[in-house]
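Here is what each chain is made of, one letter per residue.
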Amino acid sequence: MSAMALVFLIGLITVLFAAYLAWDVLRRDVGTDKMQEIASMIHEGAMAYLRRQYTTIAGLAVVTSVLIGLLIGAVEHSSSTGVLTAIAFLVGAFASGLSGFIGMYVAVSSNIRTASAARRTLDEAITTALRGGAVSGFLVVSLSLLGVATIFLAYGGLDHPALAPFEIVGFGFGASFVALFAQLGGGIYTKAADVGADLVGKVEAGISEDDPRNAAVIADLVGDNVGDCAGRGADLFESITAENIGAMILGVAIFSAIGSNNPAWIFFPLVVIACGLVACGIGLFLARGGSIENPMAALNRGFYPAAVLSAIFIVVVTMLMLHSVWLAAAGLVGIATSVAFVFITQYYTSGSGRPVQEIARASLTGPATNAISGIAVGFETTGSTAIAIALALFLSYLFGENFAADAHLSSASVGGIYGTAVATVGMLMTAAYILAMDTFGPITDNAGGIVEMSGQPETIREVTDALDSVGNTTKALTKGYAVGSAALAAFLLFSAYLDKVASVMEAQLGANATQAELAQADALAHTVNLADVHVFIGALLGTMLVYVFSSLAIRAVGRAGSSIIEEVRRQFREIPGIVEGTARPDYARCVDITTRAALREMIAPGLLAIGVPVLVGLLMKEHAAAGMLMVGTIAGVLLATILNNSGGAWDNAKKYIEAGFMKGYDGEIIQKASPTHAAAVSGDVIGDPFKDCAGPSLHVLVKLLSTITLVLAPLFIS
């Protein structure tokens, strides 16, 4: 069986496996009539929002695809090239949207089944939630794999393997385009509702955010799905897609340098990701057991076997396809990096770690010291993150150089860069399981809300609270994983962009160009001088983009959250009986306000993210765009780390107190609705737009910079 046939076989089997998981979850018990009523409101709100959001995104995508097709066709003097790029963009956009939509649909159907399972055993609740999340995880990865493989073949991958990777970059751009708006809109929605539910419910009214008297509670539960399921699904879809295509482009350099007819160098990343799906599938069935004190142990029982199997698979695949022990070692570096990010994120965001407990203790002296401690923790996390990334890049590049020496390549850097590409795809091997753990978070959060609103016994709520706390850690874990893969991929995609620029320059020289002219063009394309004023300006503007984009995203949450706060206060004031529990709040009104605010507020930061790299490239040309891409990516990775981990730590510090683990100066356990708890809630509210809106959106932004420059590189050549 050929390697590409294996990719399609595993991809299709994975789709069927995801269908089996969906069937297994959907056939489970759906609880009481009251639980079903609440779950149906969440389901209706989530699907209504997603329909409106995707209608908006579809319109933007069609307009963008037409513009891309016209521009590329004009610059390349080939209408067919423009049309093919536009089609690839639309297909990538559609696949990204589809993966998010399907994953969220199953997630909003899994929440009630998890809530019902929590009435029986913790193990059943964990299995239900994890398998519900796995539908999204396995579908996202398999759709990306099948999408890239199909368009690679459709664009002549078998006949012209050295050209096809450059022609399919539009697919990655389309995926990034949808992911940006999906993550932005979903993040704004979920955090606006969450801020309103927390501040008015917990702080002002002294009730739970999931209390049925809280008018924002349904909007909050809907938001968990549209942000953390649909948004994150689209995010990881575009991550895997962009990094696969970037690795394939770098494989072209090895393919050409070795001078063989073996295209394995190009589609090797697809085979590796396919094997990762097999490893994750086995790991999923091993994830069971655990205790209410540490449900995370059950999830780890699946992750670590998946990582070990991935390590075995990448060594076998690398030796069979690339025949290099050095590149196999580079792949192991990538897998080790994914494990390192799991440890780092769990340490900084889990209630058992020093940082979360430090923030909880700081709440004893008020919201100001809580905020100071949380910000300090966020800044601290950049240290371990940067060191892990630096080690991964250093080792994988070194191993790649050793491979180049063994293969007698004329350029050691070509081998070094390909080593980082192998490490990146190695890190992505566990993506399906990581995304399953991510979607586990909103499913268990919703399950807790359903249990609370339906009046289930406190013992059941204790189970769902334990799961929800773990869900916060797994969501933070996925964000850390996404940041790590983005950082590794930054070097890969930056190199792919320079290869694309060199390819365009060489094509412009024509068929009669001499070897000396081609070598000069290649050297010029790959030389980016930071001392050049245009490059420096591009780098400065790239960093500026990261911070202004984050500001717009956070401000959007603040504005939308203010609207929800005012609405919840109005309902408490004007609807008699809400406080007493004799009247039902107008949940639909809060859902509608949040939906309209999210769709309106996502436009400005989205257009900024697309507009700045295009303008830099058009006005200051290819090297300025390179400076913007590299430095902007570094700034984005570090800022996303701060936002993700500080937000996750703030959230679990609040839950640490709510779980009764925190004692005051007098040795008494801190209670809910106390001043210390209120301070922790304030910190959580600050962290909400950090970890669930601006931070995840930055993951998409840093890869959007790569895909948009890759697609539009012909426009930037001076």
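What counts, and where the lines are drawn
- Residues numbered from 1 in each chain as written.
- Predicted model: local features only at pLDDT ≥ 70, side-chain atom pairs only at ≥ 80, totals over all residues.
- Heavy atoms only, no water.
- Patch = residues over 30% accessible without salt bridge, like charges linked within 9 Å, V, L, I, M, F, W, Y side chains within 5 Å.
- Areas by Shrake-Rupley, 256 points an atom, 1.4 Å probe, with all protein chains shown as cover.
- Salt bridge = Lys/Arg side-chain N within 4 Å of Asp/Glu carboxyl O.
- Helix = DSSP H or I, 4+ residues; strand = E, 2+ residues; numbered from the N terminus.
- Buried < 20%, exposed > 50% of the residue type's maximum accessible area, 1.4 Å probe, protein only.
- Phe/Tyr/Trp six-rings, centres within 6.5 Å; stacked < 30°, edge-to-face > 60°.
- Lys NZ or Arg CZ within 6 Å of the ring centre and 35° of its normal.
- pLDDT = per-residue confidence, 0-100.
- Core = buried A, V, L, I, M, F, W, Y, C linked by side-chain atoms within 4.5 Å.
- Expected span 1.5 Å × (residues − 1).
- Disulfide = S-S within 2.5 Å.
- Contact = heavy atoms within 4.5 Å.
- Axes fitted to C-alpha atoms, helices over the stretch in contact; angles between N-to-C directions.
- Parallel < 35°, antiparallel > 145°, perpendicular 65-115°, else oblique.
- Left-handed = near helix turned anticlockwise from the far one by under 90°.
- Nonpolar A, V, L, I, M, F, W, Y, C, P; charged D, E, K, R; others polar.

Asks: Explain a nonpolar patch on the surface residue by residue, including any values.
Replies: A contiguous nonpolar surface patch, about 340 Å² in accessible area, is contributed by Val62, Val66, Leu70 and Leu90. In terms of residue count, helix H2 (residues 33-76) provides more of the nonpolar patch than any other element does, 3 residues in total. Considering the arrangement of structural elements, one finds leucine 70 in helix H2. With a relative accessible area of 59%, leucine 70 lands in the exposed category.

Asks: Please give an account of the packing of aromatic side chains that cites residues and values.
Replies: On inspection of all chains with the given rule, the structure shows 17 aromatic pairs. When the centroid spacing of 5.9 Å and the interplanar angle of 70° are considered together, the rings of tryptophan 265 and tyrosine 418 count as edge-to-face. Of this pair, tryptophan 265 sits in helix H8 (residues 264-286) while tyrosine 418 sits in helix H13 (residues 412-427), placing them 153 residues apart in sequence. Accessibility assignment for this pair places tryptophan 265 and tyrosine 418 in one class, buried. Taken together, the ring pairs in this structure connect Phe89, Phe173, Phe177 and Phe181 into an aromatic cluster. Over the ring of tryptophan 23 we find arginine 27, and its NZ or CZ is 4.8 Å from the ring centre.

Asks: Got a sec to walk through the pattern of salt bridges? Specific residues and values, please.
Replies: Here the structure, examined in full by the defined rule, presents 24 salt bridges. For the salt bridge of arginine 589 with glutamate 567, the shortest nitrogen-to-oxygen distance reads 3.9 Å. Of this pair, arginine 589 sits in helix H18 (residues 587-601) while glutamate 567 sits in helix H17 (residues 533-574), and the two are 22 residues apart along the sequence. Since its relative accessible area comes to 36%, arginine 589 is described here as partly exposed. Classification of glutamate 567 by relative accessible area gives buried; the value is 7%. Ionic pairing is found between aspartate 651 and lysine 691, a salt bridge with its closest N-O pair at 3.3 Å. Pair noted here: aspartate 651 is in helix H19 (residues 603-658) and lysine 691 is in helix H20 (residues 675-716), with a separation of 40 residues, a long-range link. For the pair aspartate 651 and lysine 691, a shared accessibility class is recorded, and that class is buried. Members of the salt-bridge network, linked through shared partners, are Asp651, Lys654, Lys655, Asp684, Asp688, Lys691 and Asp692.

Asks: Quick rundown of the side chain of serine 706? Include the residues and the values.
Replies: Note that serine 706 resides in helix H20. Its relative accessible area of 1% is what places serine 706 among the buried residues.

Asks: If you had to explain the confidence of the model for the chain to someone new, which residues and values would you point to?
Replies: Per-residue pLDDT for the chain averages 84, and the proportion of residues at 70 or more is 97%. Considering each helix and strand of the chain separately, the mean pLDDT is smallest for helix H16 (residues 515-525), with a value of 73, and largest for helix H12 (residues 367-407), with 92.

Asks: Describe the nonpolar core, listing the residues and the values that go with them.
Replies: Counting 243 residues, the largest nonpolar core has Phe138, Ile218 and Tyr497 as the members making the most contacts within it. Counting residues per element, this core draws most heavily on H19, which supplies 22 residues.

Asks: Tell me what's going on with H12, and back it up with residues and numbers.
Replies: Between its terminal C-alpha atoms H12 stretches 60 Å, which fits the 60 Å expected from 41 residues at 1.5 Å a residue. Within two residues after H12, histidine 408 carries a phi angle of roughly 60°, on the positive side.

Asks: Run through the state of the cysteines, naming residues and quoting values.
Replies: All told, the structure shown has 0 disulfides when counted by the stated rule. Residue cysteine 275 stays outside any disulfide, its sulfur separated by 11 Å from that of cysteine 280, the closest cysteine. The structure places no disulfide on cysteine 590, whose sulfur is separated from the nearest cysteine sulfur, that of cysteine 693, by 19 Å.

Asks: Lay out the environment of methionine 104 with the relevant residues and their values.
Replies: Tracing the backbone through its elements, the reader meets methionine 104 in helix H3 (residues 79-118). Overall, the relative accessible area of 0% leaves methionine 104 in the buried class. Separated by 196 residues in the primary sequence, methionine 104 and asparagine 300 place their C-alpha atoms 23 Å from one another. Setting aside residues up to four positions removed in sequence, methionine 104 forms contacts with Ala46, Met47, Leu50, Asn225, Val226, Cys229 and Ala230.

Asks: Explain unusual backbone geometry to me, and be specific about the residues and the numbers.
Replies: Look at histidine 323: it is not a glycine, yet its phi comes out positive at around 55°. Within the secondary structure, histidine 323 sits in the loop between helix H9 (296-321) and helix H10 (325-349). Even without glycine at this site, lysine 621 takes up a positive phi of about 75°. Structurally, the position occupied by lysine 621 is in helix H19.

Asks: Requested: an account of the environment of alanine 673, with residues and values cited.
Replies: As for its position among the elements, alanine 673 is in the loop between H19 and H20. Linking alanine 673 and glycine 251, residues 422 residues apart in sequence, is a C-alpha distance of 58 Å.

Asks: Got a sec to walk through H9? Specific residues and values, please.
Replies: Taking 1.5 Å as the rise per residue, H9 with 26 residues should run 38 Å; its terminal C-alpha atoms sit 37 Å apart, in good agreement. Once H9 ends, the next one or two residues include histidine 323, with phi positive near 55°.

Asks: Can you break down the packing of H19 against H20 residue by residue, with the values?
Replies: Contact pair H19 / H20: the axes reach a minimum separation of 5 Å and the direction vectors enclose 155°. Regarding the angle of H19 to H20, the classification is roughly antiparallel. Judged by the twist between their axes, the crossing of H19 over H20 is left-handed. A per-class count over the contact of H19 with H20 returns 29 nonpolar, 16 polar and 7 charged.

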